[in-house]
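Structural overview
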Amino acid sequence: MTLKPLTLAIAATASIFTVTTAHAENWRMATPYPEQNFHTQNIKQFVADIKEATQGKLDITVHPGGSLIKPMEIKNAARSRQIEMGEFILSGMANEHPLFALDSVPFLATSHDASWKLYQISKPSLEQLLEKQNLKLLYSVAWPPQGMYTTTPVSKIEDLSGMRMRAYSPQTERLAQLSGAIPTQIEATDVAQAFSTGRVNAMITSSSTGVNSAAWDFLKYYYDVQAFLPKNAVVVNKRSWDGLDEATQKAVLDAAAKAEERGWEMSKEDMVKQNQTLVDNGIELSPGSEELRQSLRKIGEQMAAEWSKQAGAEGEAIIAKFNK
Ligand code: PCA
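Residues numbered from 1 in each chain as written. Predicted model: local features only at pLDDT ≥ 70, side-chain atom pairs only at ≥ 80, totals over all residues. Heavy atoms only, no water.

The chain is annotated in an unreviewed UniProt entry as C4-dicarboxylate-binding periplasmic protein from Oligella ureolytica.

Right under this line is the structure:
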């Protein structure tokens with residue numbers, strides 16, 4: 001009899017323990033870009049918001065820089081539930097479906113505002129496409145506009161001829177090709193090494209990635225031609241998502257909406273800030289000569305035509321809405 005209160009106390013403690021552990025989820029999230037990149041910083045805030053809102057019930061560990069899963073394999077790893085969440089660059093998957101290439105058609109949408117508009121128009125199709133692949137789109141954020149970095153000065157398109165140009169997507173590969181350069185696929189985290197070992201001497205990317213890889217250590221010129229704004233997407237495996245209770249799902253969606261809004265603002269701020277950082281470190285930044293810009297625009301027109309052909313009626317409808 002005297003043992004009873006103690007037994008009860010033990011039983012109570014045990015049941016509290018069971019309740020908290022049974023419902024606590026620890027998820028793994030893989031991302032491609034380095035810790036200091038603004039997308040990664042935004043994701044860290046996103047998972048912190050979820051942890052707080054769910055009082056620790058959903059705890060997501062972020063593995064940035066391709067440290068857990070190689071960048072180009074993150075999407076498939078989330079599909080197969082090797083990880084629950086992931087971030088990837090949509091255009092990196094352009095070989096799977098033309099919709100993934102839309103934001104990287106050169107000179108279609110060249111500002112954050114235009115890119116946002118294009119995103120809103122294409123979002124239902126994008127969500128459907130991902131859903132078919134067992135993925136739920138949580139949010140998407142654009143990189144700052146893409147420009148051309150080179151080790152030697154470029155005043156006309158012919159100056160790019162024969163240069164070894166780093167690419168990160170089929171679209172950047174095509175752009176390099178049409179510019180007369182030789183494309184090589186290299187991850188963002190390997191850019192500095194690729195330049196220092198001479199594998200490449202040119203690249204198309206944002207001021208963010210230029211700064212993240214300390215571009216001034218290995219090149220001198222940045223032509224801020226603002227060709228397009230590729231987007232990253234943050235996704236969750238559908239089954240993992242379906243396994244969450246309603247309150248937790250709401251917490252994730254709320255945090256995602258906040259992360260999307262914050263991310264686009266961060267992207268705008270990073271564009272201005274990192275252009276300045278490049279200049280402060282001795283990079284010669286210019287908008288590019290009229291001649292160069294015109295040639296790139298021509299290439300853009302060709303790529304837009306190629307894209308439309310691939311994307312068919314669905315693509316046509318998106319472009320028509322965008323141009324309205
Ligand atoms: N940085 C990423 C993708 C686009 C960008 O601005 C990269 O260079 O890989």
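1. Focus on helix α2 (residues 38–53)
The first and last C-alpha atoms of α2 sit 22 Å apart over 16 residues, in line with the 22 Å expected at 1.5 Å per residue. Among all positions of α2, only Phe38, His39, Thr40, Asn42, Ile43, Phe46, Val47, Asp49 and Ile50 are buried. Of the residues that open α2, the one with a side-chain oxygen 2.9 Å from the backbone nitrogen of His39 is Asn37. Of the residues trailing α2, Gln55 is marked for its positive phi of about 50°. (Helix = DSSP H or I, 4+ residues; strand = E, 2+ residues; numbered from the N terminus. Expected span 1.5 Å × (residues − 1). Buried < 20%, exposed > 50% of the residue type's maximum accessible area, 1.4 Å probe, protein only. Polar contact = N/O pair within 3.5 Å; in protein donor to acceptor, adjacent residues only side chain to side chain.)

2. Digging into the nonpolar core
Soluble globular proteins: nonpolar side chains tend toward being buried together. Judged by nonpolar contacts, the single largest core of 83 residues is most densely connected at Phe46, Met85, Leu138, Tyr139, Val252 and Leu296. The element that contributes the greatest number of residues to this core is helix α10 (residues 290–323), accounting for nine residues. If near-sequence neighbours (up to four positions away) are discounted, Val252 is found in contact with Phe46, Ile50, Leu58, Met85, Leu138, Trp241 and Leu244. Ala194, Val200, Val211 and Phe218 belong to the second-largest nonpolar core, a separate cluster that totals 14 residues. (Core = buried A, V, L, I, M, F, W, Y, C linked by side-chain atoms within 4.5 Å. Contact = heavy atoms within 4.5 Å.)

3. Here's the deal with unusual backbone geometry
Residues other than glycine seldom take positive phi values, yet Arg81 does so here, at roughly 65°. In this fold, Arg81 is placed in the loop between α3 (74–79) and β3 (85–89). Its identity as a non-glycine residue notwithstanding, Ala214 has a phi of 50°, on the positive side. Locating Ala214 in the fold gives a position in the loop between α7 (207–212) and β9 (221–223).

4. Some remarks on the site of the ligand
Taken together, Tyr33, Ile89, Trp143, Gln146, Arg166, Tyr168, Ala188, Thr205, Ser206, Thr209 and Pro230 form the complete shell of residues around the ligand. Within the side chain of Thr205, a nitrogen or oxygen atom sits 2.7 Å from an oxygen atom of the ligand. Look at the ligand: alone it shows 260 Å² of surface, and the protein chains cover 99% of it. Of the residues assigned to the shell around the ligand, the class counts are six nonpolar, four polar and one charged. (Near = heavy atom within 4 Å. Areas by Shrake-Rupley, 256 points an atom, 1.4 Å probe, with all protein chains shown as cover. Nonpolar A, V, L, I, M, F, W, Y, C, P; charged D, E, K, R; others polar.)

5. Some points on the packing of helix α4 (residues 112–132) against helix α9 (residues 246–280)
One can describe the packing of α4 onto α9 by two numbers: an axis separation of 11 Å at closest approach and a directional angle of 150°. When the interaxial angle is binned, α4 and α9 end up roughly antiparallel. For the pair α4 and α9, the crossing hand works out as right-handed. From α4, His112, Asp113, Ser115, Trp116, Tyr119 and Lys123 reach across to α9, where they touch Glu260, Trp264, Ser267, Lys268 and Met271. By residue class, the composition of the contact of α4 with α9 is four nonpolar, three polar and four charged. (Axes fitted to C-alpha atoms, helices over the stretch in contact; angles between N-to-C directions. Parallel < 35°, antiparallel > 145°, perpendicular 65-115°, else oblique. Left-handed = near helix turned anticlockwise from the far one by under 90°.)

6. Some remarks on the sheet that holds β3
The strand order across the open sheet formed by five strands is β2-β1-β3-β10-β4, and the pairing between neighbours is mixed. The open sheet terminates on both sides in strands that have one partner only, identified here as β2 (58–63) and β4 (135–142). For this sheet, the mean inter-axis angle between neighbouring strands, taken without regard to orientation, is 20°. Pairing between β4 and strand β10 (residues 231–237): seven bridges, direction antiparallel. Within the sheet, the bridge partner assigned to Ala142 lies in β10 and is Lys231. α2 rests against β1 (25–30), β2, β3, β4 and β10 of the sheet, and its axis sits at about 135° to β4. Against the sheet, α9 engages β2, β3, β4 and β10, with an angle of about 20° to β4. (Pairing = 2+ DSSP bridges.)

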